[in-house]
Amino acid sequence: MANSTTIKSPNHNKELAAIFRKMADCYRYLGPGERFRAIAYETASRTISNMSEPIDTMMDDIKQLDELKGVGESIAEKINEYLHTGSIKTFDKLRKKVPLDLLELMDVEGIGPATVRTLHDTLKVENREALSRAVAEGKLEGLKGFAQKKIDNLKKVLKVSQEKARMPLATAERIGQVMLEELRRISGVHLAYLAGSLRRKKETVGDIDIILTADRREWKRIVKQFTSLPQVERVLASGETRASVVLKDGGVQVDIRIVHDYEYGAALLYFTGSKEHNIQLRTIAKNKGWKINEYGVFDSATNKRLAGETEEEIYQLLGLQYVPPEKRLGKDELVKL
């Protein structure tokens, strides 16, 4: 009797849900006139995230797609476009109109779409690094609508160097482990690991960074439970993918970032640093025609994902030996395979 083989159907739910979430953020950024588009794409993103069957099974069936909550004919056509081509032209155009790397700042306390537009238009910055430099250079001082509290919140979220005490590594490890245990107890969390200078075992640590993975439909609830923990004194920023809080224990800042399982390695690598080490990796990737960020490694021409689930596969793709976190100094630690 011949062996039967089950062919697994393609499943692009996660990719489409992530794209529609980003499109929703783009429309939020563009202002009140795009409010309904923002709501529509956020609803479509949530619907696709919660689907148990692959959206691929509905390809070319506009009527069936149209019956999904939040998916009208226009979004159904874009789903088909992505399933056929791997991209959405409308999203490609939106990416050129908005500073995509700054949109997450809309979730910072006291910051919204209008404020992010002001930062982009006035300071001519396109990404977090450029904005961090502008803030550090005092370019927000005296800018209309930017009170000192708002500037201070931005500095904390962007991790712009401020005159504040850094805690000893042992203290950071103690607090970090407590927060890890709390996060791992939250239903729906798959993985939770420390990142930043704490993971690199620096002698002193400024803030505590933690990377989480979970199913997309659980992100908002997990963020809400995290910001409601009894250890939290104040919330600096709270969105569906990230949150920043200040703890009652010594005023320590803890930042969490939630990503998909397939983005975990890229996020852990990016948010562990050091900055100098990451720059070296980005340069190597660029020379190969790729780009590397907190979401993965991508082909620059096609935007095809090449790696990102683990740190090890990223180093291997780049042709490098794995570098332990404590040795990521941005000096001569990179060794070819």
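On a predicted model such as this, the values are computed, not experimentally measured, just so you know.

What counts, and where the lines are drawn
Residues numbered from 1 in each chain as written. Predicted model: local features only at pLDDT ≥ 70, side-chain atom pairs only at ≥ 80, totals over all residues. Heavy atoms only, no water. 1 Å grid on protein atoms, 1.4 Å probe; cavity = no way out; pocket = protein on both sides within 12 Å on 5 of 7 lines; lining within 4 Å. Points joined across faces, edges and corners; volume = space filled by probe spheres on them. Helix = DSSP H or I, 4+ residues; strand = E, 2+ residues; numbered from the N terminus. Nonpolar A, V, L, I, M, F, W, Y, C, P; charged D, E, K, R; others polar. Phe/Tyr/Trp six-rings, centres within 6.5 Å; stacked < 30°, edge-to-face > 60°. Buried < 20%, exposed > 50% of the residue type's maximum accessible area, 1.4 Å probe, protein only. Pairing = 2+ DSSP bridges. Axes fitted to C-alpha atoms, helices over the stretch in contact; angles between N-to-C directions. Contact = heavy atoms within 4.5 Å. Salt bridge = Lys/Arg side-chain N within 4 Å of Asp/Glu carboxyl O. Parallel < 35°, antiparallel > 145°, perpendicular 65-115°, else oblique. Left-handed = near helix turned anticlockwise from the far one by under 90°. Core = buried A, V, L, I, M, F, W, Y, C linked by side-chain atoms within 4.5 Å.

Colleague: How would you summarise empty space enclosed by the protein if you had to cite specific residues and measurements?
Modeller: In this approach, a probe sized like a water molecule rolls over the atoms, and the result shows the empty space that is left. Within the structure shown, the criterion is met by 1 cavity of 30 Å³ or more. By volume, the largest cavity is sized at about 80 Å³. Taken together, Ala266, Leu269, Tyr270, Asn278, Leu281, Arg282, Ile292, Asn293 and Ile314 make up the full set of residues lining the largest cavity. Contributing elements (two or more residues each) for the lining of the largest cavity: α12 (264–272), α13 (275–287) and β8 (290–293). Along the lines of polarity and charge, the residues of the lining of the largest cavity split into 6 nonpolar, 2 polar and 1 charged.

Colleague: Quick rundown of the packing of aromatic side chains? Include the residues and the values.
Modeller: Counting across every chain of the model gives 5 aromatic pairs. Ring centres of Tyr27 and Tyr41 lie 5.6 Å apart, and the angle between their planes is 25°; on these two criteria the pair is classed as stacked. Highlighted residues: Tyr27 in helix α1 (residues 13–30) and Tyr41 in helix α2 (residues 35–49), separated in sequence by 14 residues. Accessibility expressed as a relative area gives 7% for Tyr27, which makes it buried. You can call Tyr41 buried: its relative accessible area is 5%. A centroid spacing of 6.2 Å and a plane angle of 50° characterise the contact between Tyr193 and Tyr264, whose relative ring orientation is tilted.

Colleague: Quick one: what's the story with the sheet that holds strand β6 (residues 242–247), residue by residue and with numbers?
Modeller: The 5 strands lie next to each other as β2-β4-β7-β6-β5, forming an open sheet whose pairing is mixed. Since the sheet does not close on itself, it has two edges, and those belong to β2 (189–194) and β5 (232–238), each with one partner. Neighbouring strand axes in the sheet, compared pairwise and without regard to direction, differ in orientation by 20° on average. One ladder, built from 5 bridges, connects β6 with strand β7 (residues 253–259); its direction is antiparallel. When the bridges of β7 are listed, Ala243 appears paired with Ile256. Sitting on the sheet, helix α9 (residues 169–184) is in contact with β2, β4 (208–214), β6 and β7, with an inclination near 175° to β2.

Colleague: So what about the pattern of salt bridges? Which residues, and what values?
Modeller: Under the defined criterion, the tally for this structure stands at 18 salt bridges. One salt bridge connects Arg37 with Glu34, and the closest N-O pair in it is separated by 2.7 Å. Residue class for Arg37 comes out partly exposed when judged on its relative accessible area of 46%. The shortest N-O distance in the salt bridge between Glu173 and Lys201 comes to 2.8 Å. Residue Glu173 is located in helix α9, and its partner Lys201 is located in the loop between α10 (196–199) and β3 (204–205); the two are separated by 28 residues in the primary sequence. Where salt bridges share partners, they join Glu42, Arg46, Arg216 and Glu240 into one cluster.

Colleague: So what's going on with the packing of helix α7 (residues 128–136) against helix α8 (residues 148–158)? Residues and values would help.
Modeller: One way to put it is that α7 packs onto α8 with a least axis distance of 10 Å and a crossing angle of 135°. On the basis of their axis angle, the class for α7 and α8 is oblique. Considering how the two elements wind past one another, α7 and α8 form a crossing that is left-handed. Contacts between α7 and α8 involve Arg128, Leu131, Ser132 and Val135 from the first element and Lys155, Val157 and Leu158 from the second. Class assignment for the residues of the contact of α7 with α8 results in 4 nonpolar, 1 polar and 2 charged.

Colleague: I'd love a proper account of the sheet that holds β8, names of residues and values included.
Modeller: Spatially, 3 strands are ordered β8-β9-β10 in an open sheet, and the strand pairing comes out antiparallel. What marks the edges here is a single partner per strand, and that holds for β8 and β10 (305–307). Direction aside, neighbouring strands of the sheet carry axes that sit 35° apart on average. Summarising the sheet, strand β9 (residues 296–299) and β10 pair through 2 bridges and their orientation is antiparallel. Directly across from Phe298, in β10, lies its bridge partner Arg305.

Colleague: Could you give me a rundown of the nonpolar core, with the residues and numbers involved?
Modeller: Among the nonpolar cores identified, the biggest contains 52 residues, and Leu16, Phe20, Ile55, Ile79, Leu105 and Leu131 are the most heavily contacted of them. Within the residue set of this core, elements represented by two or more residues are α1, α2, α4 (73–85), α5 (89–97), α6 (113–123), α7, α8 and β5. Take this core: its biggest share by element is 9 residues, from α1. Setting aside chain neighbours within four positions, we find Phe20 in contact with Tyr41, Ala44, Ser45, Ile48, Ile75, Ile79 and Ile88.

Read these as layout, nothing more, since geometry by itself doesn't imply function.
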